[in-house]
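Structural description and commentary
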Amino acid sequence: MRETDNGDLKLLVEGLSYSMDRRQIIEDIDLRIRPGSFVGIVGPNGCGKSTLLKNIYQVLEADRGVVYLDGHRVDQMSNRQRAHSMAVMQQENNIEFDLSVYEMVLLGRFSHQKVLGGSSAEDQRIVFKCIDEVGLKGYEKRHFLSLSGGEKQRTLIARALAQETSFIILDEPINHLDIGYQYQIMNILKRQKLTVLSSIHDLNIAVTYCDQVILMSQGHVVASGSPEETLLPDRIRELFGIDCQLVWNEKTGCNNILYSPEMI
Ligand SMILES: Nc1ncnc2c1ncn2[C@@H]1O[C@H](COP(=O)(O)OP(=O)(O)OP(=O)(O)O)[C@@H](O)[C@H]1O
């Protein structure tokens, strides 16, 4: 039974607010995300992107507001139901136990395994496929803690993909990756035909991959729409304090943002 009438939306966020130490971090956030869309959350450092995502995947408990996924309240799902419906790739800088790359990615299969059944041949096939997909074939036995920042990040992306959900949340998925892998990982995510909600710092990545951009400033959504509607030079100057122009890139069929910082 649906719990909201907006069954045609993948994700619906209504009136989400969160404060910490009496400081309002995000306030009255509404989001409407269609199935299969690639959505980027963009905004200056500290504007609340991670906090919003954490409230959506329920690692933080909102003061007010409701999050619906496929019409169902996310806060009323069991951990297993949630793991079946959304994969989350967050920044993990404090992992203390040292698993291999294979074991890390296998964790993504947890919600598919029987309670005492262990991993199946199908789980193993999917784990190898996802490791291959992020360019880490041959790294299966390497210890996670011995990997470079970019290799760790790709392992975490493989783990999220191995969950095989139709919705994936990524918190700065490419901040450690070199330029080649940044675009490669974005291509991989785009190919999956999932609904993707990701914080993104690189505006050119947002322009190239996003169907919808959510612009945030000081804990509020200030614009939401296509990259052409949202990532305009005036707004970029207002939010990030940098001049820029849009230059058409014939090869990708979208604009590139060309920055003109004040040179000292
Ligand atoms: N545990 C915490 N204690 C106190 N303040 C916090 C905590 N976590 C986040 N904040 C504050 O909340 C605000 C929003 O942080 P958040 O990490 O959501 O921003 P962000 O947009 O993801 O930033 P960035 O682009 O720098 O990653 C910031 O001012 C931050 O300092």
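Just so we're clear, the structure is a prediction, and the values are computed from it rather than from any experiment.

Structural notes on the environment of D243
You can see D243 is positioned in strand β11 (residues 243-249). For the pair formed by D243 and L258, sequence separation is 15 residues and the distance between their alpha carbons is 8.6 Å. Of the polar contacts made by the side chain of D243, one reaches the side chain of R237; its length is 2.4 Å.

Regarding a negative patch on the surface
Together, E14, E27, D28 and D30 make up a negatively charged patch on the protein surface. Of the residues forming the negative patch, the biggest block, three residues, is contributed by strand β2 (residues 23-33). With respect to the helices and strands, the residue E27 is situated in strand β2. Classification of E27 by relative accessible area gives partly exposed; the value is 31%.

Quick notes on the sheet that holds strand β8 (residues 195-199)
One open sheet accounts for six strands, arranged β6-β7-β8-β3-β9-β10; its pairing is mixed. The open sheet has two free edges, formed respectively by β6 (87-89) and β10 (220-225), since each of these has just one partner strand. On average, adjacent strands in this sheet sit at an angle of 15° to one another, irrespective of strand direction. Where strand β7 (residues 167-170) and β8 come together, four bridges link them in parallel fashion. Looking at the pairing, I169 lines up with L197 of β8. The sheet strands contacting helix α5 (residues 149-162) are β6 and β7, and the helix crosses β6 at an angle near 175°.

Quick look at the nonpolar core
Grouped together as the largest cluster of nonpolar side chains are 50 residues, with contacts concentrated most on V42, V105, L161, I168, I185 and L231. At six residues, α5 tops the list of elements feeding residues into this core. When residues of this core are sorted by domain, at least three fall in each of domain 1 (1-86 + 165-226) and domain 2 (95-164). Residues within four places of I185 in sequence aside, it is in contact with V134, R154, I157, I174 and L177. Counting 27 residues, the second-largest nonpolar core is a separate cluster that includes L11, L69, V74 and I214.

Comments concerning the side chain of T51
With respect to the element layout, T51 can be found in helix α1 (residues 49-56). Setting aside residues no more than four positions away along its own chain, T51 makes contact with Y18, I25, I26 and L60.

Some points on the state of the cysteines
Counted under the stated rule, the structure contains zero disulfides. With no disulfide of its own, C254 lies 10 Å from the sulfur of C210, the closest cysteine sulfur. By relative accessible area, C254 is classed as buried at 7%.

Here is what the cut-offs are and how they apply
Residues numbered from 1 in each chain as written. Predicted model: local features only at pLDDT ≥ 70, side-chain atom pairs only at ≥ 80, totals over all residues. Heavy atoms only, no water. Helix = DSSP H or I, 4+ residues; strand = E, 2+ residues; numbered from the N terminus. Polar contact = N/O pair within 3.5 Å; in protein donor to acceptor, adjacent residues only side chain to side chain. Patch = residues over 30% accessible without salt bridge, like charges linked within 9 Å, V, L, I, M, F, W, Y side chains within 5 Å. Areas by Shrake-Rupley, 256 points an atom, 1.4 Å probe, with all protein chains shown as cover. Salt bridge = Lys/Arg side-chain N within 4 Å of Asp/Glu carboxyl O. Lys, Arg positive; Asp, Glu negative; His and termini not counted. Charge placed at Lys NZ, Arg CZ, Asp CG, Glu CD. Buried < 20%, exposed > 50% of the residue type's maximum accessible area, 1.4 Å probe, protein only. Pairing = 2+ DSSP bridges. Axes fitted to C-alpha atoms, helices over the stretch in contact; angles between N-to-C directions. Contact = heavy atoms within 4.5 Å. Core = buried A, V, L, I, M, F, W, Y, C linked by side-chain atoms within 4.5 Å. Domains from an automatic or database assignment. Disulfide = S-S within 2.5 Å.

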